[in-house]
Amino acid sequence: MGRRENQEYIIDLFRDAHEANLKRAQPLAARMRPRSLDEFAGQEHFLGEGKLLRRLLQADRLSSVIFYGPPGCGKTALAHVIAHHTQCVFRQVNAVAVGIKEVREMLEEARAELADSGRRTILFVDELHRFNRTQQDVLLPDVEEGRIILIGATTQNPFFAINSPLLSRSQIFTFVPLSKEHIKLLMQRALTDKERGLGNKTIHAHDDALDFLAEICDGDARRALSALEVGVLSIDKEPIDFTLDVARDSIQRKLMDFDATGDAHYDVASAFIKSMRGSDPDAAIYWLARMLESGEDPRFIARRVVICASEDVGNADPQALCVAAAALQATEFVGLPECQLALAQAVTYIATAPKSNAATLAIGKARDDVKNGRTMAVPAHLRDSHYQGAKEFGHGEDYKYAHDFEGGWVDQAYLPEDRRYYEPTDRGYEAEIKKRLDEWRAKKKS
């Protein structure tokens, strides 16, 4: 063997050893990433047989795409599958780790590759929402001209986090959390795979242990596989008995998806309010618990409860606002964890109360008239008459004091024009209000 050949042989040995060391250092979730579309689990709504993304890949006609969804549902894994599947050059970066200079250099390399070999470059940008507006704008010309294929992965709503011009030139694929069946399939695959998984060990994995991990990981395959690996590697002797207790001790307490400015924050709050409005106390209590466990500010929750008491219950049960306001005061006074009791009481009261949005509609219509209609003058008999000279203007003249009349009501104009804003329903206490108001309005007509 010549000197040059010997050097190349040594270099290859070092390269192989280097790659083997890197592979051994990878966590199970990274080693078990799918290598083909057939190995990929989940997202059948756009990757199943005959679905759009599978057709694009099979025809090798992939254009720029944005993968949007929660962690651990396959965004990065699918990008790597595409890297194996396509004839394009594949480059991967994390938006946190690169600046504009590095982005420009990658784009120049992609242009050179296209000019020299005719091959386009797929640029996979993980956490694309971390790119600022300027960095996103740098990508735009090459995406628009088709010189690169952008695959952007984000956990943030792309309509808020990504530039509109970049969105308009990309297809958005929304990932959903993996089902329990998908998670369990991936764990069983890892247990039997001898090349990348744990198949070289003798493992007896109990069904209830796998079911527990599939449930508690919330559709995040990375969490489930990490817990499986921790449990297996923490037991020295074989056969390894992977029991429910082992599974419980191998995964952290469930962490809620919480970001005070993110989608989950507003989506859960929306579900909470709509559950109270929809008279479902069980759903409302669940979303309350979800927000509390996520670390939501209880004062934010209490304010939503007060709003719902007026907006959705209103005069169908005026006591609802009193209960809600008391819960807000209790929240301010005692704080967590005890204030959850007052919040739970208020939430269940409001959810089960009769509902009316008549007062909400009334103020909406009245404000619309004030903003868009002709401003009505205050009738002379209603104007302030408690100052010197008011009588000369006729202010307060012919005003009828309601308490001087039978029933405390008198036929008198309080608007210069006839307007109807408040139309009470026949639900709860508002039915009494409606009856009373109908009688008064009938007297006005007679």
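The structure under discussion appears in the preceding block.
Owing to the predicted nature of the structure, the values given are computational and were not obtained by experimental measurement.

Rules and cut-offs
Residues numbered from 1 in each chain as written. Predicted model: local features only at pLDDT ≥ 70, side-chain atom pairs only at ≥ 80, totals over all residues. Heavy atoms only, no water. Phe/Tyr/Trp six-rings, centres within 6.5 Å; stacked < 30°, edge-to-face > 60°. Buried < 20%, exposed > 50% of the residue type's maximum accessible area, 1.4 Å probe, protein only. Helix = DSSP H or I, 4+ residues; strand = E, 2+ residues; numbered from the N terminus. Lys NZ or Arg CZ within 6 Å of the ring centre and 35° of its normal. Pairing = 2+ DSSP bridges. Axes fitted to C-alpha atoms, helices over the stretch in contact; angles between N-to-C directions. Contact = heavy atoms within 4.5 Å. Core = buried A, V, L, I, M, F, W, Y, C linked by side-chain atoms within 4.5 Å. Left-handed = near helix turned anticlockwise from the far one by under 90°. Nonpolar A, V, L, I, M, F, W, Y, C, P; charged D, E, K, R; others polar. Expected span 1.5 Å × (residues − 1). Salt bridge = Lys/Arg side-chain N within 4 Å of Asp/Glu carboxyl O.

1. Focus: the packing of aromatic side chains
Tallying each qualifying case throughout the model produces 7 aromatic pairs. Arranged with centres 4.9 Å apart and planes meeting at 75 degrees, the rings of Tyr286 and Trp287 form a pair that is edge-to-face. The partly exposed category is assigned to Tyr286, whose relative accessible area is 46%. An angle of 5 degrees between the planes, with centres 6.5 Å apart, marks the rings of Trp409 and Trp440 as stacked. You can see Trp409 sitting in the loop between α19 (358–372) and α20 (430–445) and its partner Trp440 sitting in helix α20, a full 31 residues away along the chain. For Trp440, a relative accessible area of 31% gives the class partly exposed. Ring pairs connect the aromatic residues Phe46, Phe67, Phe173 and Phe175, which therefore count as one cluster. Of note, Arg248 hangs over the ring of Phe212, and the distance from its end group to the ring centre comes to 5.7 Å. Cation over ring: Arg304 sits above Phe300, and NZ or CZ is 4.5 Å from the ring centre.

2. A closer look at the sheet that holds strand β2 (residues 89–94)
The sheet built from 5 strands is open, its strands ordered β2-β3-β4-β1-β5 with parallel pairing. If you trace the sheet from one side to the other, it starts and ends with β2 and β5 (171–174), each paired once. Strand-to-strand twist across the sheet, computed as the mean angle between neighbouring axes with direction ignored, equals 15 degrees. Relative to strand β4 (residues 148–154), strand β1 (residues 65–68) runs parallel, the two being bridged by 4 bridges. Opposite Ile66, over in β4, you have Gly152 as the bridge partner. Docked against the sheet, helix α5 (residues 75–85) engages β1, β2, β3 (121–126) and β4, running at close to 145 degrees with respect to β1. Seen against the sheet, helix α6 (residues 100–117) touches β2, β3 and β4 and runs at an angle of roughly 175 degrees to β2.

3. Focus on the side chain of His129
Topologically, His129 is positioned in the loop between β3 and α7 (133–144). When sequence neighbours within four positions are dropped, the list of residues in contact with His129 reads Thr154, Thr155, Gln156, Ala161 and Ile162.

4. So, the side chain of Glu229
Tracing the sequence through the fold places Glu229 in helix α12 (residues 221–233). Setting aside its immediate chain neighbours within four residues, Glu229 contacts Pro27, Leu28 and Arg31.

5. Re the nonpolar core
Membership of the largest hydrophobic core comes to 30 residues, with the highest contact counts inside it found for Leu28, Ile183, Met187, Leu210, Leu213, Leu228 and Phe242. Going through the elements one at a time, α2 (28–31), α10 (180–192), α11 (207–216), α12, β7 (240–242) and α13 (244–249) are the ones with two or more residues in this core. For Leu228, the residues in contact, after removing those within four places along its chain, are Leu28, Met187, Ala190, Leu191, Leu198, Leu210, Leu213 and Phe242. By size, the runner-up hydrophobic cluster in this structure holds 26 residues, among which are Phe272, Ile301, Ala342 and Ala346.

6. Some details on the packing of α10 against α12
For the pair α10 and α12, interaxial distance at closest approach is 10 Å and the crossing angle is 35 degrees. For the pair α10 and α12, the crossing hand works out as right-handed. On α12, the residues touching Ile183, Leu186, Met187, Ala190 and Leu191 of α10 are Ala221, Ala224, Leu225 and Leu228. Tallied by class, residues from the contact of α10 with α12 come to 9 nonpolar, no polar and no charged.

7. Focus: helix α16 (residues 298–313)
Counted at 1.5 Å a residue, the expected span for α16 with its 16 residues is 22 Å, and the 21 Å between its end C-alpha atoms agrees. Backbone geometry just after α16 places Gly314 at a positive phi near 55 degrees.

8. A closer look at the pattern of salt bridges
Working definition: two side chains of opposite charge can pair if their charged atoms are close together. Counted under the stated rule, the structure contains 22 salt bridges. Between Glu229 and Arg31 there is a salt bridge, with the nearest N and O atoms lying 3.4 Å from each other. A residue pair is termed long-range when its members are at least 10 positions apart, and Glu229 in helix α12 and Arg31 in helix α2 qualify at 198 residues. A relative accessible area of 14% places Glu229 in the buried class. Here Arg31 falls in the buried class, since its relative accessible area comes to 16%. For Glu311, the salt bridge identified is with Arg277, shortest N-O distance 3.8 Å.

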